[in-house]
Amino acid sequence: MSTLAPPVPHDLAQVRPLRSRLMPYALLAPAVLVTLFIVFFPMLQALVTSFYDLVLWKPNATRFVGFGNYIKLLRDPVFWTSLGHTAIWIGLTVPLQMGLGLIAALLLNREFPWRGLARALVIIPWALPSVVIALMWRWIYDPTTGVLNDILLYLSIIHTTVPWLADPQLALYAVIATLTWQGFPFFAVMILAGLQGIPQSQYEAASIDGASTWRQFVHITLPGIAPVLATAGLLRIIWVANSMDVIFVMTGGGPGYATHTLPLYAFIRARQNLDFGYGTAIAVTFTILLAAIVAVYIVRTLREVER
Amino acid sequence: MNKPSTMRRILTTDIPVVLIILLAIGPFAWMILTSLTPTAQLSATGVSLSPAGWSMDNYVRLLKQTSFLANMLHSLIIAAGTVILGLVVSVTAAYALSRFRFPGRKVVMLQFLLVNMFPIVLLILPLFVLFRKIGILDTHIGLILANSTVAIPFAVWMLTSYVGAIPRSLDEAAMIDGCSRLQALQRIVLPLAMPGIISTGIYIFITAWNEYLYALTLGGRNVRPVTVAIQTLIGEYQIEWGLLAAGGVVGALPATLLFLLVQRRLIGGLTQGAVKG
């Protein structure tokens, strides 16, 4: 595309139309070329790799297996476990983040003297590196010295220490709690912006008509922030589905397969056994499943861009 | 002021807000307390809540016994490199997308939106193979390119909306006065879009600084950014929580401070798109 921008003589009428027609392409070229090279080309490569039996440390044994990896996948119990965990993972984390975010936003939208400070502080989890968050929560969850057990024991909610991350029944939910904590500020901030877009006059009119706070919430607030909830929710589903760094550092997918989600399983397969053929097949499958949600988001966004 | 309503405000607003804030910053505050408690005391009596038991012991060990400063430098190079690459290629693209209507515009916009959604796991494996082939595995440029997979699409979208908000009549007026397109971009649009460019750049910096999986997979030996280095602070036989916490605090500090510094404008930009929907 860069060849489309030849040095153009400085005049005139005849040259200009062609020049201005090519101008946008020339301006776009760098971004598009870099993206092609580091995203679309590797992506294509991944698709091709998924049809091969490719283990990175024995390159000579590489052979074409067609849909072999995908057939193997359907028979792989860990794949199905991971798929189930991914559903729980998304199904719990996103609503929890949204709920907590909504509560935070409603509170932060009220009038109080230190509102600016509160709004800045609430976003801190969002700015922390995932690794730090994961390690921090491992420390909080630690079965012998962790503060969570201390607090719960002190309040007599539990009577013996709980190994949050070592218990296969609990580990996934413990990680979900961490991810909820990491992600709720995002919702709070988005919803807060939505709340500020609702005209105050609507509330005034409603309270003159005698509507209760709850009815105002249901009939004014919720419809007012519905578009924000939808957009932020979709974005978060995609983000949460893809996110695996926190789980990876907190549990590494364990104990056993108790906290495997699909992207994590793909990553671990490729990383531990350097089994890139099978790993990318899992990743591609996951991407195809995710594509449905992405499609909804994109249709929404493009409608927006059309304006 | 009238007392009852203040009381009521405190009960219904201030106290719940305090609880939410405690929830949000509690874990990180706990980590700071942990980092201030010397290791010996940590295993004997636990985290020290009173300043009397605090010391900079863990931080001193972090700086003296580990290569943490070098890791910070790696992170800085990578994050700054990503900002530069991301912004340079995105500014002109954003200008093109917001000022011209041309065949293929929608496809290009769709492409950048789509890229943002791709699972990192699908990219990380082929990028590893690609980088190994061209010999940039475990180099700064490799990690800058990898981080750009996220940074460029993001920057293009953000900047397109920022540039779109600048009235077209301004650059048209400049062109009537004899500026070329590129001069109009450089003299009129760039200065006006500068706040947007700066917040986008800061956001890219934070994301690249905090990035972990690319750094672990595509770097890690010669080029080891803080996020990867923090994990290596886990001791050989038992986890050294004090040291680890100090590493976590120092590693998180640059991004967090930057974030607090610009949060208002950053959030304005990020939420703008969603709210209009």
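As recorded by an unreviewed UniProt entry, chain B carries the name Carbohydrate ABC transporter permease and is attributed to Phyllobacterium sophorae. In its Subcellular location (unreviewed entry) section, the UniProt entry covering chain B states "Cell membrane". Under the heading Sequence similarities (unreviewed entry), UniProt records this for chain B: "Belongs to the binding-protein-dependent transport system permease family."

An unreviewed UniProt entry annotates chain A as Sugar ABC transporter permease of Phyllobacterium sophorae. In its Sequence similarities (unreviewed entry) section, UniProt records this for chain A: "Belongs to the binding-protein-dependent transport system permease family."

Asks: What should I look at first to understand the overall build of chain A in this one?
Replies: The helix and strand tally for chain A stands at 13 helices and 2 strands. Here chain A has a C-alpha radius of gyration of 25 Å; the compact-globule value for 307 residues is 19 Å, and the former is much larger. Expressed along its principal axes, the backbone C-alpha trace of chain A runs to roughly 70 × 60 × 30 Å. Within chain A, contacts between residues separated by at least 24 positions form 68% of all contacts whose residues are at least 6 apart in sequence.

Asks: Could you clarify how one ought to interpret the overall build of chain B in this entry?
Replies: The number of helices and strands found in chain B is 12 helices and 0 strands. In chain B, the order of α-helices and β-strands from amino to carboxyl end is α-α-α-α-α-α-α-α-α-α-α-α. A globule of 277 residues ought to have a C-alpha radius of gyration of about 19 Å, yet chain B, at 24 Å, is considerably larger. The principal-axis extent of the C-alpha atoms belonging to chain B is close to 75 × 70 × 30 Å.

Asks: I keep staring at the domain arrangement of chain A and nothing clicks. Help me out?
Replies: Think of interface size as the accessible area that goes away when the parts come together; that is how it is often given. Assigned domains of chain A: these are domain 1 (2–49) and domain 2 (76–306). Relative placement of domain 1 of chain A and domain 2 of chain A: their C-alpha centres are 38 Å apart.

Asks: I keep staring at the UniProt feature "transmembrane region" (unreviewed entry) in chain B and nothing clicks. Help me out?
Replies: All names here are of chain B. Sites flagged by UniProt as "transmembrane region" (unreviewed entry) map to residues 12–33, 72–97, 109–131, 143–167, 188–209 and 241–262. The distance from the first to the last C-alpha atom of residues 72–97 is 36 Å, and the span holds 100% helix and 0% strand. Here residues 241–262 runs as 100% helix and 0% strand, with 31 Å between its end C-alpha atoms.

Asks: Quick question: what am I supposed to make of the interface of chain B and chain A here?
Replies: The interface is formed by 71 residues belonging to chain B together with 76 residues belonging to chain A. Looking at the side of chain B that touches chain A, the elements with two or more residues in it are helix H1 (3–36), helix H4 (68–99), helix H5 (105–117), helix H6 (120–134), helix H7 (140–164), helix H9 (181–210), helix H11 (226–232) and helix H12 (241–276) of chain B. Here the side of chain B that touches chain A gets 15 residues from one element, more than from any other, and that element is H12(B). A breakdown of the residues in the side of chain B that touches chain A according to their chemical character gives 51 nonpolar, 16 polar and 4 charged.

Asks: Could you clarify how one ought to interpret the packing of helix H3 (residues 77–108) of chain A against helix H8 (residues 171–196) of chain A in this entry?
Replies: Think of two packed helices as two axes; the pair is described by the angle between the axes and how far apart they sit. Residues and elements named next belong to chain A. The N-to-C vectors of H3 and H8 enclose an angle of 40°; their axes lie 6 Å apart at closest approach. Viewed along their axes, H3 and H8 adopt a mutual orientation that is oblique. Note that H3 runs across H8; the crossing there is right-handed. Here the contact of H3 with H8 is composed, by residue class, of 20 nonpolar, 6 polar and no charged.

Asks: Quick question: what am I supposed to make of the UniProt feature "domain: ABC transmembrane type-1" (unreviewed entry) in chain A here?
Replies: Sites flagged by UniProt as "domain: ABC transmembrane type-1" (unreviewed entry) map to residues 83–299 of chain A. Its end C-alpha atoms 26 Å apart, residues 83–299 of chain A is made of 76% helix and 0% strand.

Asks: For this particular structure, what's the right way to read the confidence of the model for chain A?
Replies: As a general rule, the predicted coordinates of low-pLDDT regions are not to be interpreted in detail. All names here are of chain A. Predicted confidence across chain A gives a mean pLDDT of 84, with 94% of residues reaching 70 or more. The least confident element of chain A is strand S2 (residues 63–64), whose mean pLDDT is 82; the most confident is H3, at 92. Per-residue pLDDT stays below 50 along residues 1–6; that stretch engages in 10 contacts with residues further than four places along the chain or on separate chains. The low-confidence segment residues 8–14, where pLDDT is below 50, has 3 contacts with residues more than four positions distant or belonging to other chains.

Asks: Whenever I open this one, the environment of B:Thr6 confuses me. Can you help?
Replies: Inspection of the secondary structure puts B:Thr6 in helix H1. Sequence spacing of B:Thr6 and B:Gly86 is 80 residues, and the spatial spacing of their C-alpha atoms is 49 Å.

Asks: Is there a simple way to think about the nonpolar core in this case?
Replies: Side chains of a nonpolar character, in soluble globular proteins, are inclined to be buried together. Core analysis: the largest hydrophobic core is formed by 174 residues, its most contacted members being A:Ala188 and B:Leu159. With 16 residues, H8(A) is the largest single contributor of residues to this core.

Asks: Please explain H4(B) as it appears in this structure.
Replies: Along an α-helix, residues three or four positions apart point the same way, because every turn accommodates 3.6 residues. Between its first and last C-alpha, H4(B) extends 46 Å over 32 residues, near the 46 Å set by a 1.5 Å rise per residue. The largest bend in H4(B) comes to about 30°, at B:Ser90.

Asks: Hey, could you run me through the UniProt feature "transmembrane region" (unreviewed entry) in chain A in this one?
Replies: Residue and element names in this part refer to chain A. Within the UniProt annotation, "transmembrane region" (unreviewed entry) is assigned to residues 25–48, 87–108, 120–140, 146–165, 172–197, 217–239, 246–268 and 280–299. Between the first and last C-alpha atoms of residues 172–197 the distance is 37 Å; the span itself is 96% helix and 0% strand. Structurally, residues 217–239 comprises 100% helix and 0% strand, and the distance from its first C-alpha atom to its last is 28 Å.

Asks: I would appreciate a short explanation of unusual backbone geometry in the present structure.
Replies: Glycine aside, a negative phi is what most residues show, and trans is what most peptide bonds show. The backbone of A:Ser156 shows a phi angle near 60°, a positive value even though the residue is not glycine. Structurally, A:Ser156 is set in the loop between helix H7 (147–154) and H8. Phi angles above zero are rare outside glycine, and B:Asp138 is one such case at about 65°. Positionally, B:Asp138 belongs in the loop between H6 and H7.

Asks: In this structure, what is going on with helix H6 (residues 130–141) of chain A? I would like to understand it.
Replies: All names here are of chain A. Taking 1.5 Å as the rise per residue, H6 with 12 residues should run 16 Å; its terminal C-alpha atoms sit 16 Å apart, in good agreement. Taking burial as the measure, the 12 residues of H6 include 12 buried ones, the bulk of the element. Among the residues making up H6, those that are buried are Ser-130, Val-131, Val-132, Ile-133, Ala-134, Leu-135, Met-136, Trp-137, Arg-138, Trp-139, Ile-140 and Tyr-141.

Asks: How do you make sense of the environment of B:Arg181 when you look at a structure like this?
Replies: Take B:Arg181: it is sitting in helix H9. With 19 C-beta atoms counted inside 10 Å, the residue B:Arg181 sits in the partly exposed group. C-alpha of B:Arg181 to C-alpha of B:Leu257: the two residues are 76 residues apart in sequence and 38 Å apart in space. Those residues in contact with B:Arg181, other than ones at most four positions away along the chain, are A:Met23 and B:Met175.

Asks: Could you clarify how one ought to interpret the confidence of the model for chain B in this entry?
Replies: Residue and element names in this part refer to chain B. Looking at chain B as a whole, its pLDDT mean stands at 84, while 93% of the residues score no less than 70. Summarising per-element confidence for chain B, the mean pLDDT is lowest in H12 (76) and highest in H4 (92). The ipTM value of the predicted complex is 0.86, and its pTM value is 0.86.

Asks: Would you explain the environment of B:Ala255 in this entry?
Replies: Among the structural elements, B:Ala255 can be located in helix H12. On a C-alpha basis, the gap between B:Ala255 and B:Arg8 in space is 37 Å, while along the polypeptide they are 247 residues apart. Each residue touching B:Ala255, except ones within four places of it in the same chain, is listed here: A:Ala127, A:Pro129, B:Ile206, B:Trp209 and B:Asn210.

Analysis parameters
Residues numbered from 1 in each chain as written. Chains lettered and ligands numbered in written order. Predicted model: local features only at pLDDT ≥ 70, side-chain atom pairs only at ≥ 80, totals over all residues. UniProt positions renumbered as here; feature names shortened; annotations may be inferred. Helix = DSSP H or I, 4+ residues; strand = E, 2+ residues; numbered from the N terminus. Rg over C-alpha atoms; globule rule 2.2 N^0.38 Å. Contact = placed C-beta atoms within 7 Å. Domains from an automatic or database assignment. Nonpolar A, V, L, I, M, F, W, Y, C, P; charged D, E, K, R; others polar. Axes fitted to C-alpha atoms, helices over the stretch in contact; angles between N-to-C directions. Parallel < 35°, antiparallel > 145°, perpendicular 65-115°, else oblique. Left-handed = near helix turned anticlockwise from the far one by under 90°. pLDDT = per-residue confidence, 0-100. Core = buried A, V, L, I, M, F, W, Y, C linked by C-beta atoms within 7 Å. Buried ≥ 20, exposed ≤ 12 C-beta atoms within 10 Å, placed from the backbone. Expected span 1.5 Å × (residues − 1). Bend = angle between axes of the 7 residues up to and from the residue.

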